[in-house]
Amino acid sequence: MGKIIIVASGKGGTGKTTVTANIGAALAMRGNLVALVDMDMGCRNLDITLGLESSIVYDIFDVIEENCDLDEALIKDTRYENLYFIPAPQGIWEKLSSRFDYCLVDAPAGIDGGFLYAAMGADSAILVTMPEVTALRDGDRAISVLEDMGIEDVKVVINRVRSDMIDKGIMMNMDDCVDMLGVPVLGIVLDDEELMVAALKGTLAVSAENSRAGQAFLNIAARLMGEEVPIMEFDEKESFFDKVKKLFGK
């Protein structure tokens, strides 16, 4: 059976959908069969991030109501051989997990009913946050809700990190982020302009040769597959990396 992973955030604007798309593509590039599921039905944009918005004919509601079968609703990403997308709500997890190695569920931001609905079928969770107080505080609440639901395997991706803003005290340093959340760090993604360039081109950062963000997503995929990959270093104190190693149990 494949893994169902909810990708969550305590608040909007953390880059959760971009993280979902890039991790999914990175896993597919490594030979895994991957399904990306958009559960943010009110503000659906994973299809836009993937450049597949014009390809949507059916969604999971159609599968559940038997207006089509799963193969008709799944949309294959032509750039990545093993990557599929489906705009979907709850109710299809067993079919997807029996067919795909990984199913990444892009959950609605926040911790309201839509988030709870998306998390019901998940085995584990990736929390996407940024190094600023409100995102971390809301992320901490989301972690508590996930743990209360019995999802104990929760890891964090700290996204849109800028070392110059950390130096100026505008963003929190990584030590404080780790202390505030208290869960293992799956990856750190720098605020790479290649992310914006890729979005404008309708591509993903994982396909850009010189993108540090793209490399971070590739590393995250490797860690999800159980490989030991060091956290990418940037202009931060070494004590942070020591703390990350402790969180990973290394």
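To start, this report covers the structure provided alongside it. In this text the structure is predicted, and so the values were computed from the model without any measurement.

## With respect to the pattern of salt bridges
Then, number 1: Across all of its chains, the model carries seven salt bridges by this definition.
Then, number 2: Asp 77 is the salt-bridge partner of Arg 79, the closest N and O atoms lying 2.7 Å from each other.
Then, number 3: Residues Arg 141 and Asp 138 are paired through a salt bridge, measuring 2.6 Å at the closest nitrogen-oxygen approach. Here Arg 141 and its partner Asp 138 are both found in helix 7 (residues 133-148), three residues apart, which amounts to about one turn of the helix.

## Here's the deal with helix 1 (residues 16-29)
Then, number 1: For helix 1, built from 14 residues, the straight-helix expectation of 20 Å at 1.5 Å per residue is met to within 8% by its first-to-last C-alpha distance of 20 Å.
Then, number 2: In terms of burial, helix 1 is a largely internal element, twelve of the 14 residues being buried.
Then, number 3: Within helix 1 the residues assigned to the buried category are Lys 16, Thr 17, Val 19, Thr 20, Ala 21, Asn 22, Ile 23, Gly 24, Ala 25, Ala 26, Leu 27 and Ala 28.
Then, number 4: In the stretch just after helix 1, Gly 31 is the one whose phi turns positive, near 95°.

## Here we look at the pairing of strand 2 (residues 34-38)
On a regular strand, each side chain points to the face opposite its neighbour's, so the side chains alternate between the two faces of the sheet.
Then, number 1: Counting buried residues in strand 2 gives five out of five residues, a clear majority hidden from the surface.
Then, number 2: Burial along strand 2 is two-sided: Val 34, Leu 36 and Asp 38 and Ala 35 and Val 37, pointing in opposite directions, are all buried.
Then, number 3: Strand direction decides the pairing type here: strand 2 and strand 5 (residues 102-106), joined by five bridges, are parallel. Across the sheet, Ala 35 pairs through a bridge with Cys 103, a residue of strand 5.

## Some thoughts on the sheet that holds strand 4 (residues 83-87)
Then, number 1: Spatial strand order, 3-4-2-5-1-6-7-8: eight strands in an open sheet with mixed pairing. Two strands in the sheet have a free side with no partner beyond their single neighbour: strand 3 (75-76) and strand 8 (185-190).
Then, number 2: Two elements, strand 6 (residues 124-129) and strand 7 (residues 154-161), share five bridges in a ladder whose sense is parallel. Across the sheet, Ala 125 pairs through a bridge with Val 154, a residue of strand 7.
Then, number 3: Seen against the sheet, helix 7 touches strand 1 (3-8), strand 6 and strand 7 and runs at an angle of roughly 170° to strand 6.

## A closer look at a nonpolar patch on the surface
Then, number 1: Where nonpolar side chains cluster on the molecular surface, the patch consists of Leu 116, Tyr 117, Met 120 and Met 149 and spans about 370 Å² of accessible area.
Then, number 2: Relative to the helices and strands, Met 120 resides in the loop between helix 6 (113-119) and strand 6.

## Brief notes about the environment of Met 165
Then, number 1: Structurally, Met 165 is set in helix 8 (residues 163-167).
Then, number 2: Excluding residues that lie within four positions of it along the chain, Met 165 makes contacts with Ile 170 and Met 171.

## Remarks on the packing of helix 7 against helix 9 (residues 174-181)
Then, number 1: At a minimum axis distance of 9 Å, the contact between helix 7 and helix 9 shows a crossing angle of 30°. Regarding the angle of helix 7 to helix 9, the classification is roughly parallel. Where helix 7 crosses over helix 9, the two elements pack in a sense that is right-handed. Along the contact surface, helix 7 presents Val 133, Leu 136, Arg 137, Gly 139, Asp 140 and Ile 143, while helix 9 presents Cys 177, Met 180 and Leu 181.
Then, number 2: Residue composition of the contact of helix 7 with helix 9, grouped by class: six nonpolar, one polar and two charged.

The rules behind the values
Residues numbered from 1 in each chain as written. Predicted model: local features only at pLDDT ≥ 70, side-chain atom pairs only at ≥ 80, totals over all residues. Heavy atoms only, no water. Salt bridge = Lys/Arg side-chain N within 4 Å of Asp/Glu carboxyl O. Helix = DSSP H or I, 4+ residues; strand = E, 2+ residues; numbered from the N terminus. Expected span 1.5 Å × (residues − 1). Buried < 20%, exposed > 50% of the residue type's maximum accessible area, 1.4 Å probe, protein only. Pairing = 2+ DSSP bridges. Contact = heavy atoms within 4.5 Å. Axes fitted to C-alpha atoms, helices over the stretch in contact; angles between N-to-C directions. Patch = residues over 30% accessible without salt bridge, like charges linked within 9 Å, V, L, I, M, F, W, Y side chains within 5 Å. Areas by Shrake-Rupley, 256 points an atom, 1.4 Å probe, with all protein chains shown as cover. Parallel < 35°, antiparallel > 145°, perpendicular 65-115°, else oblique. Left-handed = near helix turned anticlockwise from the far one by under 90°. Nonpolar A, V, L, I, M, F, W, Y, C, P; charged D, E, K, R; others polar.

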